[in-house]
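Topology and contacts: notes
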Amino acid sequence: MAKLYNISYTKKIFILLFLGILSGWYPASAQEDNKEAKPTIGGIAYDPITGEALLNEGVVRSQTGTVSTIESAAIEQEQTANTLNALKGRAAGVTTDDGMLIVRGQNSIYKELSQPLYIIDGVPFPAQFISGGNTQSSPLNALNTSNVEKIEILKDADATAIYGGKGANGVVLITTKKRKDSKLRIDASASVGITNVNSWYDFLSTEEYIDFRKKAFEADGITPDKWTMTNAYDLLEFGDKYHTDWQKEFVGKNGKVSSATLSISGGNDQTRYYVNTDYFGTENNYLAEKGDRADRINTRILVNHIAYGGKLQLNASLAFNTFNSKSRGLDPDAYVVNAPNQPTRNPDGTLYWLEGNSSFVNPLRSKYAEQKNQNTTTLGNFQLLYRPFHELEAKVDAGYTRNTADQLETFTQDYLNPYASNSYKNRLLAGDSYRDIFTVEPQVNFNKSFSEGVLTAFVGGTLQTQKSQADDFELRDFPTESLFGNYKAAAVKTSVAGNTGAKKYVSLFGRVTYDYRNRYILSGTLRRDGSSIFQTGHRFGNFWSGSASWIFTQESFIRENLGFLTFGKIKLTHGLTGNDNLSAFLYLNAYKASTDPYEGSTGLYLSQVANPNFTWEKTSKSELSLDLSFLNNRLQVITALYRNQSGNFVDAVPLTAQTGAESYMNNVSGATIRNQGIEVELASTNLKLGAFSWLSSLALTIPQNNRLIRFDNILSTSYATSLKVGESLHVQRLYKFTGINKENGVPTVEDFNGDGKIASADDKQFIGDTDADFYGGFHNSFRYKGLQLDVFLYFENRPFQLGYLKTYFYPAGYLGKNIPREFTKDYWSPENPNGKYPGLTTTTSSAIGTAYYNYYTESDAVYSDASYISLKNVALSYYLPKSIVSKLKMRNIRVYLRGENLITFSKYNGWNPETSTAIPPFRTLTAGLTLSL
Amino acid sequence: MNVHKIQRYVWGLTVSCSLVACDSFLDTDPPSDLVVQEDVYGDIRNVRSVVNGLYTQNLLANGLFYYEIPFYLTPITDDAYHTSTSYDDLRYNAYGPTNTYTAYAWTKAYTAILRSNDLLELLPSTALPEAEKRQNIGEAKYFRAFSYFVLTSLYGDVPWVTSTNIVETTLQPRDPKEVVVGHIIEDLKDAEAALEGSTNPNTKVTKAAASALLARIYLYHSEWQNAEAKADEVIQTSGYSLDAIENVFLRTSTESIFKTSSSGSWSSYVDRVYYANLAVNNNYLRLTDDLVNSFEADDLRKTKWTTTVSDFLHPYKYHRTAATSAGTAEDYVSLRLTEQYLIRAEARAQQDKLPEAVADVNIIRQRAGLSDLPEGLSKAEVLLAIEQERRHEFFAEDAHRWWDLVRTGRADAVLGAYPDKKWEPHKALLPVPQKELDKNSNLTQNPGYGVQ
């Protein structure tokens, strides 16, 4: 499927419209020859196998879709737990949100439904989370970045309309590494590294904390004789005996990362094979116990066979990826705020619990909550190509993906507070799920050259079936924890649940492109999709796109007058794509079993009232882009202006009570979400003096995304208090902070409707949204002979984000909660009446405490600027000189040192501006070696 | 090259693709945890479960059928009030269209109505034995009738919804109360006929239940003759008899015509009686001084059915608390025989059959440990005495006090006399919920409640 839009030219041209990274000049994988190279936009491209420069034979690039391509070298530099993080800042228009990739904003009110379509080597790969047990995991967990040749992100209508009813949210094409020649090659690499926290949050010490608490009691008028074990156990019981650094307890250790890859390829003129295995492992540093680690192994086998002088080609591949992890802990955020004088463990090693206090929490209890996850992915692909003559190619692609997720969570007795009445002694939650997808795609490609131009066309179809199943259950009260593996031993079995799902999909598509003299290019795409999600009669949707391009540098008057312009293309596209990312069978009335039986018999009741008429969500996309190269390809700039409008999205539409039902699924007409913005991607060869070169690339996105531009009757829907027409989907509804009362330190908020009362329904306003105003990545690469330095900066401007006080909302002076030093610098007190922060208090029932809890932390006062610049990736590599390498009978040897997330610069008042949680940014230092024979 | 050959290839592929792109390929099986309608109504075991769903979803899961009517609708009368100030708008009759408590019954009643409508639409075509089918239709109609009775008695005109086509019913306008009451009566008559010969116990809908409710409806709508005849039928033929005061709400009570079965332990929430204990837990109501003082001395109902907690008297018809287990075997009573006597009494009094009316009242009074009514009362006095008996018999049970005051037109005189209650005559009808008016422009508001 990756080649749908440019089939006929793959033999001749590597079509790389964009580069966010430099690797164009960097051979396609680190294992390649260290040939000198140039950025690939519009210029000379290199065959990644032979390293030979490819001279295009008269055709530049006529691909018309907007594609951002990220090459393996950049992807490899980002060895992360999630392949998606490798894309951050490397391509314009792409953000990650809650572990999901979002391309050009959300097209649906629900983030989960705005995920793009993933295709790995032509096989659709569902990246929607799989639910197993208590949590959800992404199938992309199982994909190693070092396995990836390139990632192409298709964004505009022209590129995505060919995916029709699945292309509304963009398409991510992942191509894994292959070899295309027959020489025997062996490549290997290994690396090791350490991970630790890249910044510590400044909290008060034990002595400072105690002092603060005393001040807070004074402020509340509670004299020491009124201190009790209920309101002051931290002073009475703990005192200054303990000095606990919770950050060090949780993330103080160093973690380790290691990786190793081995691949062998070879064959002869007819048959070629490629076998690759790839390992990536991390040893956790979060609350780690011995043996807490995550391991990923990817293994692939590819075979190609050519027959009949190249007319027939068979490609087959099988990949098997596994991801195994063992980790601790459930509430990662809570530990941060605990008081520094709170003890962690008793002298005998058991966890410390406050005697007689049933609500006391020892954050280290998370050590006794263990989580084991296993995800596997199996990808099989078979392709048959037949090219009877030059102009025609027919092929069939069959692919199979299976994702499984198994999860086990156990809580031992040590997790529980012995002074609380616990309803269980120990607990185990398990979940298993799988998802299978099988796809067949026949296709016929045709091209014909005329004297003045080239006509290409293809027609194809898709058949797809998907099946999934998830089961989960909970077991309690095993006699001992060593029996956790023996499910029969559990005394109590609860919450058994299971469900299955199936989805089918069929479509027909076609595309025609006419390229006139490589100057004017017109193309049109049509696709008709049917999905089983919808009821008969509403199953099919028609999607289409059209585009027109003008390569104006082919015009003689441009060539003569603007000689510095090596390449220039302007392109306009428009089209319609769709989305069927919904649960199945919403169009039928369905029944559920009642919770309780009546006189021993269970009941069934109508739980889902259906609307048989709902159908595809539709997104229309428009884009204008300008693609320029200057000074013989020394500088290449691609600018795109896009505007996507989604409507008709499916949502639970509320009904009147007299129907007896609350809501039903329907396409919400009269509601539109708009995503628009500017993307700029540029690459330049800044300096080339002899053996020294300096190249840069930049990807910049200036979005105005997620805007709800229309929603008729929003006030009578359940969105009335969370969304507003004209604002982003991420608009925040808050009180407006009006300062600290100078008399008493109580935070005040605006009485918006002037009725003298503060109530959320009337006084909260829509203030600000948490979207980024602009973001991007800037990569610089310096090379001198065999030595290379790459520096990659990621930046993001996000002026309004949930700040520290929004998440950790205890007032300064509260029992058992530490305060970041930042908030102790300017708090209100009688001596400091102009203080910026509210006065001290020990409780949420004082005047300050009530206002703090009900108004202050629900106002814009607790939002913070979360813009940041991060030194995301620095790598120093050395390619051993040819003389040494050939003596060792090798082709290539490289050693490197790499640092990821080394420093983050930010004004954010919390710990991690990227995630606005208490998990700090982790930095990694790795050293590695690659060899190829 | 050979254009013709190309054309044939392309055409062939297109045709095969379009043959393939046909609808039936897309037919899939539903997920296993969702039972779709065809499968439900195709298997009679599932049909029986849906019928049982009338009980599980109404009696066990819909507050309209257990404590929420007395809980919300007693304070708007002069019988009791909440101590929590959250309910002050009820206590002082300051409710308006945005009050969530007065809106409660509207939503809950229609939820129950949908269950019945669903069954009534689909039962006829199922493969159940005819007798069983008939009985189930009767049960569904009873629940529908009861729900509409609550709606009309509280809101007046309401939409008469009998279809499960939500796209249409969502915009239905209100139907006049009299029309809906006519339908209720038809439903109950059908239910009576359908339940003839049914062997249901009194924890399920029986013919007696349908008749008992019908008697009530007749009385409330001034059909005195029918009311007397129906109540008489129930008293004579149903096989129930009055029980001692302390036994009325027990599982062994002989007078329960229709009650919720509470056969499980408290922790499984099957026992709805827990919620009906209005003296403790979170549900407590305090009886008003007016009610307390209106009891005659020696009235067993005052001694047995109330309890003092911190100097205040609370209704105490059900004794189950959070701590006690299934030892005290009580069942939540929806219809009981006592009401039939008082219906017959009032119907007789309205037909000027005063001696017979007084005789019925005296039966109830004797059971409560009181002496008979004095001789020679006028019709008006007899009717007042009946109202008083009803008040003492049914306090904090369903919304009897409210129903009585409103239907007799005595609400203005009684409730208007309290200076702290903001009573106005139009408040005899509860406001149609504002949320519903916002969603359905075909609905109108009851008079006196201001701009829609």
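Quick caveat: nothing in here was measured; it's all calculated off a predicted structure.

So, about the overall build of chain B. Looking only at helices and strands, chain B features 20 helices and seven strands. The proportion of buried residues among the 452 residues of chain B is 57%. Here the analysis covers contacts within chain B between residues at least 6 apart in sequence; of these, 71% occur between residues at least 24 apart. Summing over all exposed atoms, chain B offers an accessible surface of approximately 17,600 Å²; the carbon and sulfur share of this is 52%.

The number of helices and strands found in chain A is 10 helices and 44 strands. Relative to its full complement of 933 residues, chain A shows a buried share of 58%. In chain A, 71% of the contacts between residues at least 6 apart in sequence involve partners at least 24 apart. With an accessible surface of roughly 36,500 Å², chain A has 56% of that area assigned to carbon and sulfur atoms.

Between two aromatic rings, the relevant description is the distance of the centres plus the angle of the planes. All names here are of chain A. Under the criterion given, the structure shown has 56 aromatic pairs over all chains. Measuring from ring centre to ring centre gives 5.2 Å for Phe212 and Tyr827, while their planes differ by 65 degrees; the resulting arrangement is edge-to-face. Of this pair, Phe212 sits in helix α3 (residues 206-220) while Tyr827 is found in the loop between α8 (804-807) and α9 (847-854), placing the two residues 615 residues apart along the sequence. Here Phe212 falls in the buried class, since its relative accessible area comes to 7%.

Phi is positive for Asn901(A), close to 55 degrees, though the residue is something other than glycine. Among the structural elements, Asn901(A) can be located in the loop between β42 (892-900) and β43 (904-906). Backbone geometry at Asp352(B) places phi at a positive 65 degrees, although glycine is not the residue there. Checked against the element boundaries, Asp352(B) lands in the loop between α15 (337-350) and α16 (354-367). Residue classification places Asp352(B) among the exposed positions, given a relative accessible area of 53%.

Looking now at the sheet that holds strand β26 (residues 604-608) of chain A. Read from one edge of the open sheet, three strands run β26(A)-β25(A)-β1(B), paired in antiparallel fashion. What marks the edges here is a single partner per strand, and that holds for β26 of chain A together with β1 (35-36) of chain B. Direction of pairing for strand β25 (residues 590-593) of chain A relative to β26(A): antiparallel, over a ladder of four bridges. From the neighbouring strand, Ala590(A) faces β26(A), where its bridge partner is Gln608(A). In this fold helix α3 (residues 44-59) of chain B packs onto β25 and β26 of chain A together with β1 of chain B, with an angle of close to 85 degrees to the strand it touches most, β26(A). Those strands touched by helix α6 (residues 100-122) of chain B are β25 and β26 of chain A, and its axis lies near 105 degrees from that of β26(A).

So, about the packing of helix α10 (residues 207-220) of chain B against α15(B). Residues and elements named next belong to chain B. The geometry of α10 relative to α15 is characterised by a closest axis approach of 10 Å and an angle of 30 degrees between their N-to-C directions. With respect to α15, the axis of α10 lies roughly parallel. Helix-helix and strand crossings are classified by hand; for α10 and α15 the assignment is left-handed. Of α15, the residues touching α10 (which contributes Ala212, Ala215, Arg216 and Leu219) are Glu339, Gln340, Ile343, Glu346 and Ala347. When grouped by side-chain class, the residues that make up the contact of α10 with α15 number five nonpolar, one polar and three charged.

All right, on to a nonpolar patch on the surface then. A cluster of nonpolar side chains, Tyr520(A), Trp550(A), Phe557(A), Ile570(A), Leu572(A), Leu624(A), Leu641(A), Ile678(A), Ile702(A) and Phe774(A), forms an exposed patch at the surface whose accessible area comes to about 850 Å². One can find Ile678(A) in strand β31 (residues 671-689).

Residues and elements named next belong to chain A. Across the seven residues that make up strand β10 (residues 148-154), a large majority, seven, are buried. Looking at chain direction, β10 and strand β11 (residues 171-176) are connected through six bridges and run antiparallel. Bridge pairing in β11 places Val148 opposite Thr176.

Here the focus is the pattern of salt bridges. All names here are of chain A. Counted by the stated rule, this structure contains 74 salt bridges over all chains. Across the pair Glu679 and Lys155 runs a salt bridge whose closest N-O atoms are separated by 2.8 Å. Here Lys155 lies in the loop between β10 and α2 (157-160) and Glu679 lies in strand β31, a separation of 524 residues in the sequence. The class of Glu679 is buried, set by a relative accessible area of 3%.

A few words now on the interface of chain A and chain B. At the junction of the two partners, chain A supplies 62 residues and chain B supplies 70 residues. Sorting the residues of chain A by area buried against chain B places Tyr591(A), Tyr598(A) and Gln658(A) first, and these three jointly supply 17% of that buried surface. Where chain A packs against chain B, one counts zero salt bridges. Counting the contacts that link chain A with chain B gives 14 residue pairs in polar contact (both at pLDDT 80 or more). Of all the elements in the fold, those that place two or more residues in the side of chain A that touches chain B are β17 (369-389), β19 (427-449), β20 (453-476), β21 (492-516), β22 (520-531), β25 and β26 of chain A. It is β21(A) that contributes the most residues to the side of chain A that touches chain B, 10 residues altogether. Looking at the side of chain A that touches chain B, its residues break down into 30 nonpolar, 25 polar and seven charged. Relative to β1(B), β25(A) runs antiparallel, the two being bridged by two bridges.

Taken residue by residue, a regular strand's side chains alternate between the two faces of the sheet. All names here are of chain A. Here strand β32 (residues 692-711) pairs with strand β37 (residues 774-784) via 10 bridges, running antiparallel. Its bridge partner being in β37, Leu698 is matched across the sheet by Phe778. Looking at chain direction, β37 and strand β38 (residues 787-797) are connected through 11 bridges and run antiparallel. Directly across from Phe774, in β38, lies its bridge partner Asn797. Connecting β37 to the antiparallel partner β38 that follows it, the hairpin turn spans two residues, and Lys785 within it adopts a positive phi of roughly 50 degrees.

Right, let's talk about α15(B) for a bit. Residues and elements named next belong to chain B. A rise of 1.5 Å per residue sets the reference length of α15, with its 14 residues, at 20 Å; its end C-alpha atoms lie 20 Å apart and thus fit the reference within 8%. Burial within α15 is extensive, with 13 of its 14 residues counted as buried. Asp352 occupies a position one or two residues after α15 and carries a positive phi of about 65 degrees.

Residues and elements named next belong to chain B. Mapped onto the elements, Glu121 comes out in helix α6. Taking the relative accessible area as the measure of exposure, Glu121 reaches 38% and is therefore partly exposed. Linking Glu121 and Trp106, residues 15 residues apart in sequence, is a C-alpha distance of 22 Å. Once residues within four sequence positions are removed from consideration, Glu121 is found in contact with Thr162, Ser163 and Thr164.

Residues and elements named next belong to chain B. Two elements in contact, helix α7 (residues 130-155) and helix α9 (residues 177-194), have axes separated by 8 Å at closest approach and are oriented at 155 degrees. Relative to α9, α7 is oriented roughly antiparallel. The crossing of α7 and α9 is left-handed. Along its contact with α7, which presents Arg134, Gln135, Gly138, Lys141, Tyr142, Arg144, Ala145, Tyr148, Phe149 and Thr152, the element α9 presents Lys177, Val180, Val181, Ile184, Asp187, Leu188, Asp190, Ala191, Ala193 and Ala194. For the contact of α7 with α9, a count of residues per class yields 11 nonpolar, three polar and six charged.

It is worth spelling out the confidence of the model for chain A at this point. Residues shown with low pLDDT carry predicted positions that ought not to be read at fine detail. With 87% of its residues at a pLDDT of 70 or more, chain A has an overall mean of 81. Below pLDDT 50 for its whole length, residues 1-64 of chain A participates in 200 contacts with residues either more than four positions away or in separate chains.

Here α10(B) spans 20 Å end to end across 14 residues, near enough to the 20 Å set by a 1.5 Å rise per residue. In terms of residue burial, α10(B) counts as a mostly covered element, since 13 of its 14 residues are buried.

Residues and elements named next belong to chain B. Along the polypeptide, Ala399 turns up in the loop between α17 (379-394) and α18 (400-407). A relative accessible area of 3% places Ala399 in the buried class. Sequence separation of Ala399 and Lys435 is 36 residues, and the distance between their C-alpha atoms is 24 Å. Apart from residues no more than four positions distant in its own chain, Ala399 is found in contact with Ile69 and Leu73.

Below, the discussion takes up the confidence of the model for chain B. On average, residues of chain B carry a pLDDT of 87, and 87% of them reach 70 or more. Confidence estimates for the predicted assembly give a pTM of 0.75 and an ipTM of 0.84.

Calculation rules
Residues numbered from 1 in each chain as written. Chains lettered and ligands numbered in written order. Predicted model: local features only at pLDDT ≥ 70, side-chain atom pairs only at ≥ 80, totals over all residues. Heavy atoms only, no water. Helix = DSSP H or I, 4+ residues; strand = E, 2+ residues; numbered from the N terminus. Buried < 20%, exposed > 50% of the residue type's maximum accessible area, 1.4 Å probe, protein only. Contact = heavy atoms within 4.5 Å. Areas by Shrake-Rupley, 256 points an atom, 1.4 Å probe, with all protein chains shown as cover. Phe/Tyr/Trp six-rings, centres within 6.5 Å; stacked < 30°, edge-to-face > 60°. Pairing = 2+ DSSP bridges. Axes fitted to C-alpha atoms, helices over the stretch in contact; angles between N-to-C directions. Parallel < 35°, antiparallel > 145°, perpendicular 65-115°, else oblique. Left-handed = near helix turned anticlockwise from the far one by under 90°. Nonpolar A, V, L, I, M, F, W, Y, C, P; charged D, E, K, R; others polar. Patch = residues over 30% accessible without salt bridge, like charges linked within 9 Å, V, L, I, M, F, W, Y side chains within 5 Å. Salt bridge = Lys/Arg side-chain N within 4 Å of Asp/Glu carboxyl O. Buried area = accessible area lost by both parts, 1.4 Å probe. Polar contact = N/O pair within 3.5 Å; in protein donor to acceptor, adjacent residues only side chain to side chain. Expected span 1.5 Å × (residues − 1). pLDDT = per-residue confidence, 0-100.

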